[in-house]
Each structure stands twice: as C-alpha cells, then as structure tokens.
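Below, each chain spelled out in residue letters.
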Amino acid sequence: MRNISDIIEGYLKEVIELDGQGHIEIKRNELAKQFSCAPSQINYVINTRFTTEHGYYVESKRGGGGYIRILRVTIHSKKNLLDEMETQIGNVIAQTNAEHIIYRLLEEDIITEREASIMKVALDRVTLQVGLPLRDQLRARIMHAMLKTISFEK
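Every chain's residues receive numbers from 1 upward, in the order its sequence appears when written. In keeping with the predicted nature of the model, local features appear solely for residues at pLDDT of at least 70, side-chain atom pairs appear and are counted solely at 80 or more, and the whole-chain, interface and lining totals rest on all residues. Only hydrogens and water are set aside when side-chain values are computed; all heavy atoms of the structure are taken into account.

A. Looking closely at the sheet that holds strand β3 (residues 67-72). The pairing criterion for strands is at least two bridges between them, as found by DSSP. A run of H or I in DSSP becomes a helix once it reaches four residues, and a run of E becomes a strand once it reaches two; helices and strands are each numbered from the N terminus. Pairing is antiparallel in the open sheet, where three strands are placed in the order β1-β3-β2. Strands with a single pairing partner mark the edges of an open sheet, and in this sheet they are β1 (23-26) and β2 (56-61). Averaged over all pairs of adjacent strands, the angle between their axes in this sheet comes to 15 degrees, without regard to strand direction. Helix α1 (residues 4-19) contacts β1, β2 and β3 of the sheet and is inclined by roughly 125 degrees relative to β1. Between the N-to-C directions of two axes lies an angle of 0 to 180 degrees, each axis being a line fitted to C-alpha atoms and, for a helix, fitted only over the stretch in contact. Two residues qualify as a contact provided that any one of their heavy atoms is within 4.5 Å of a heavy atom in the partner residue.

Take a look at the structure:
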C-alpha cells in the first residue's frame, strides 16, 4: 500500500506530465485539502521528492496569493545533465543524494536498471565501511568516476 507522500508525489508528477508545459503552480492549502492532509505534508513531499537531484526546480511565493511552482528541468543534452550532476556531487555526497542522482539517470534512460542496482550497491554505506566524513568523500569520488565512465560509454 502506498503512503500519502507517494500518492501526492504521483499526482503532482502526473499533472506536470499532462500539462505539457513541464511545470505546474499549486496552492499548498488547496492541495492539502484535496488529499485530506496537513499542509506540512505537502511541504515534505515538495522538499524531498522535487529536488534538483530529481530533476525539478521549485519556486514559491508566500502570502495570501502565494503559490508553489514546480518546474521539470529539461535536459538539452546528456553532457549537460552529467555536468550538472558532477557539480551537485562536489567533494562529498550522502547516500540518499547519490541514490537520487542514480534514479534521475535511470529516469532519463542514461543507465539501465541493472547499472542502477550496481551503482547503488557500490555506493551503499554497508559497502563503504568507513566513518563519516570519509565515507561521503569516498562516495563522491566513486560517483564522479562512474559519471565519467557513463559519459564515455553512451
């Protein structure tokens, strides 16, 4: 059974897709009423499921006429996406953020399901059995190497 966060995420992605423009504007309170949940649940979904790692850009305007605009970032080329990911990784990356990047590569058909599974296992904290912050630094170095390999391969 899917939880409310998954349902809200799915709904928003479907609306973005059906819109054809690659973006939507929503009112947080109205969406919360529609799903019978607290507005903070909407914030949670937007802050965790619609990040740059997932390929989205979020703008918000507070106040009475406020809105939240969610834009799907379009990729002009595979190289641009990989360059953007290299920047996002930097010198350290947490496991969750690495998984978001892997999921985005999968969504954009840059890697296969099998490649994604291999990448996730290689970057997992259980595999990288060293303490923080070294683990996040090591994960970033491995992730950079993987992205370089992808850019040469595909």
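B. Main features of α1. Any helix carries an expected span of 1.5 Å times its number of residues minus one. Spanning 16 residues, α1 covers 22 Å between terminal C-alpha atoms, matching the ideal 22 Å at 1.5 Å per step. Categorising residues by exposure relies on relative accessible area from a 1.4 Å probe, with only protein chains included: less than 20% of the type maximum marks a residue as buried, more than 50% marks it as exposed, and the intermediate range marks it as partly exposed. Among all positions in α1, only Ser5, Ile8, Glu9, Leu12, Lys13 and Ile16 are buried. The arc enclosing the buried residues of α1, seen along the axis, measures out at 130 degrees, which places them on a common side. Of the residues in α1, the exposed ones pointing more than 90 degrees away from the buried face are Glu17 and Leu18. Along its buried surface, α1 packs onto β1, α2 (28-34), α3 (39-49), β2, β3 and α5 (95-107). Note that the arc is defined by the directions from the helix axis to the C-beta atoms.

C. How the structure looks around the pattern of salt bridges. The working definition used for a salt bridge is a side-chain nitrogen of Lys or Arg within 4 Å of a carboxyl oxygen of Asp or Glu. Scanning all chains against the criterion turns up 12 salt bridges. The shortest N-O distance in the salt bridge between Arg49 and Asp6 comes to 2.8 Å. Pair noted here: Arg49 is in helix α3 and Asp6 is in helix α1, with a separation of 43 residues, a long-range link. Owing to a relative accessible area of 15%, Arg49 belongs among the buried residues under this scheme. Overall, Asp6 belongs to the partly exposed group, its relative accessible area being 27%. Three or more residues are tied together by salt bridges with common partners; here these are Asp6, Glu9, Lys13, Arg49, Arg72, Glu84, Arg104, Glu107 and Glu108.

D. Structural detail: the UniProt feature "domain: CtsR C-terminal dimerization" (unreviewed entry) in the protein. UniProt positions are given in the numbering used here, feature names are shortened, and annotations may be inferred rather than shown by experiment. In this structure's numbering, the residues bearing the UniProt feature "domain: CtsR C-terminal dimerization" (unreviewed entry) are residues 78-148. Helix makes up 72% of residues 78-148 and strand 0%. Its end C-alpha atoms lie 12 Å apart.

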